[in-house]
Amino acid sequence: MDAAALLIAATLNAGTVLAIAALGLLINEKVGVVNLGAEGLMLCGALAGFATVVHLGVHPLGFVAGMAVAALLSLLFGWLVIYLNTNQYATGLALSLFGAGLSAFAGQPYTQHKLPELVTPHVPWLGDWPWVGVALFRHHALVYATVALALGLIWLYDRTRTGLVLRAVGESPESAHALGYPVRRIRLLAVVVGGALCGLAGAYVSTVYTPLWVEGMIAGKGWIALALTTFATWRPARVLLGAYLFGGVTMLQFHLQGMGVQVPSQFLTMMPYLATVVVLVLISRSPQWIRMHMPQSLGRPFDPGG
C-alpha cells in the first residue's frame, strides 16, 4: 500500500511537468501555431528559475523568472512565424537548438550550486490521512494549480466568447479576420502565454522536482509534451490524463528498480519515450479522428493581405 501511494505521488509530480508544458503548447496550437521549441523554452526556463532562486532564495520568483525568459523567447518566435511568415517547424527547431545551447553555456556557473530545502507541503487535515494523504495531498501547490489550469481552459474554450474567438482563429483565420478580429495579435498573445507555461514547467523541474541544474536536464520532456497535444486531440482534460499516464510510466522504472525487478536499466530508461512512440502510432491509425479534432489552420501562416 505504501509503495502504491508513493508511486501515485511520484506520478502526479512527474506528470505536472508534462501537463504544464503540454497545456501551453495546446494554447499555441488552438490558434494554429505549432511551436517545436518547447524543449529549448523549458531548458531556458529551468536555468532562469534555478539561477533566480540561487541568488534570491525565493522559489516563487524562480517561477516568474522562468516564465519571463520563455515568454521573451516565444515573443521572438511569434514575431518570426506570425509577422514574417517563416516556416513554423524550422523556426521551432531552431528555437529548441538555441535554447539548449544557450542554457548549456549560461548554466555552467550553476552546476555546483544547491537550493535551500523546501518544507514538504501538505493539505491541512487531508494530508494527515494514512494512505490517501501521501498519494494525493502532500504536493507542491503547482500540482493542484495545474489541475485548475486544465479545468480553466476547458471552461474558456467551451463556455466563453473569448474561447470561441480563439478557436475561430485556429479553425478559420480568414473568417475571423473578416469579422474584424486581429488574428496576428491574438496568435502572438497565445504564443507568448503558451511559451511562458513551458518556462514555468522548466522552472518547476529545476527548483522543485529535481532542485539542481544539469545541462540538458529536461531530457526530452518538451518533445513528450508536444506529442501529448496530439495524443489528447487538443483537449485539456485529455492532456492532463495523458501527462499523468506518461508520468506514471517514467516513475515506474525507478519503482521497478527499487523492487529488484531484473530488467535492464537501459530498457527502463527508454520506457517513457517508447510509450510516446507507441501511443502516437496507435492514434495515427485513424487519421480521420485526428483531422476531425485538430485546428484546421495548424502550422499554416496567415497573410491578412493575401
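Before reading on, note that the structure itself is shown above.
Conventions we followed
Residues numbered from 1 in each chain as written. Predicted model: local features only at pLDDT ≥ 70, side-chain atom pairs only at ≥ 80, totals over all residues. Heavy atoms only, no water. Phe/Tyr/Trp six-rings, centres within 6.5 Å; stacked < 30°, edge-to-face > 60°. Helix = DSSP H or I, 4+ residues; strand = E, 2+ residues; numbered from the N terminus. Buried < 20%, exposed > 50% of the residue type's maximum accessible area, 1.4 Å probe, protein only. Lys, Arg positive; Asp, Glu negative; His and termini not counted. Salt bridge = Lys/Arg side-chain N within 4 Å of Asp/Glu carboxyl O. Contact = heavy atoms within 4.5 Å. Patch = residues over 30% accessible without salt bridge, like charges linked within 9 Å, V, L, I, M, F, W, Y side chains within 5 Å. Areas by Shrake-Rupley, 256 points an atom, 1.4 Å probe, with all protein chains shown as cover. Expected span 1.5 Å × (residues − 1). Arc of directions from axis to C-beta.

### Description of the packing of aromatic side chains
Aromatic ring pairs are described here by two measures, namely the spacing of the ring centres and the angle between the planes.
(1) Moving on: All chains considered together, the criterion is met by 2 aromatic pairs.
(2) Moving on: Between Phe50 and Tyr110 the ring centres are 6.5 Å apart and the planes differ by 90°, which places this aromatic pair in the edge-to-face class. You can see Phe50 sitting in helix α2 (residues 38-56) and its partner Tyr110 sitting in the loop between α4 (88-106) and α5 (132-136), a full 60 residues away along the chain. In this structure, Phe50 and Tyr110 share a single accessibility class: buried.
(3) Moving on: Here Phe231 and Phe246 contribute two aromatic rings whose centre-to-centre distance is 5.8 Å and whose plane-to-plane angle is 75°, an arrangement assigned as edge-to-face. With Phe231 in helix α10 (residues 221-231) and Phe246 in helix α11 (residues 236-258), this residue pair connects regions lying 15 residues apart in the sequence.

### Brief notes about the side chain of Arg184
(1) Moving on: Residue position: Arg184 is located in helix α9 (residues 183-209).
(2) Moving on: The side chain of Arg184 is buried and forms no salt bridge, while Asp303, the nearest opposite charge, is found at 4.2 Å.
(3) Moving on: Excluding anything up to four places from it in sequence, Arg184 contacts Ile82, Tyr83, Asn85, Phe302, Asp303 and Pro304.

### A short note on a nonpolar patch on the surface
(1) Moving on: Side chains of Phe267, Met270, Tyr273, Leu274, Val278 and Leu282 sit close together on the surface and give an oily, nonpolar patch of about 520 Å² of accessible area.
(2) Moving on: Residue position: Tyr273 is located in helix α12 (residues 265-283).

### Brief notes about helix α6 (residues 141-159)
(1) Moving on: An ideal rise of 1.5 Å per residue puts 27 Å on 19 residues; α6 measures up with 26 Å between its terminal C-alpha atoms.
(2) Moving on: The complete set of buried residues in α6 reads Leu142, Val143, Thr146, Ala150, Leu153, Leu156 and Tyr157. Buried residues in α6, looked at end-on, bunch into an arc of 135°, giving them a common side. The outward face of α6, more than 90 degrees from its buried face, is lined by the exposed residues Ala141, Leu151, Trp155, Asp158 and Arg159.

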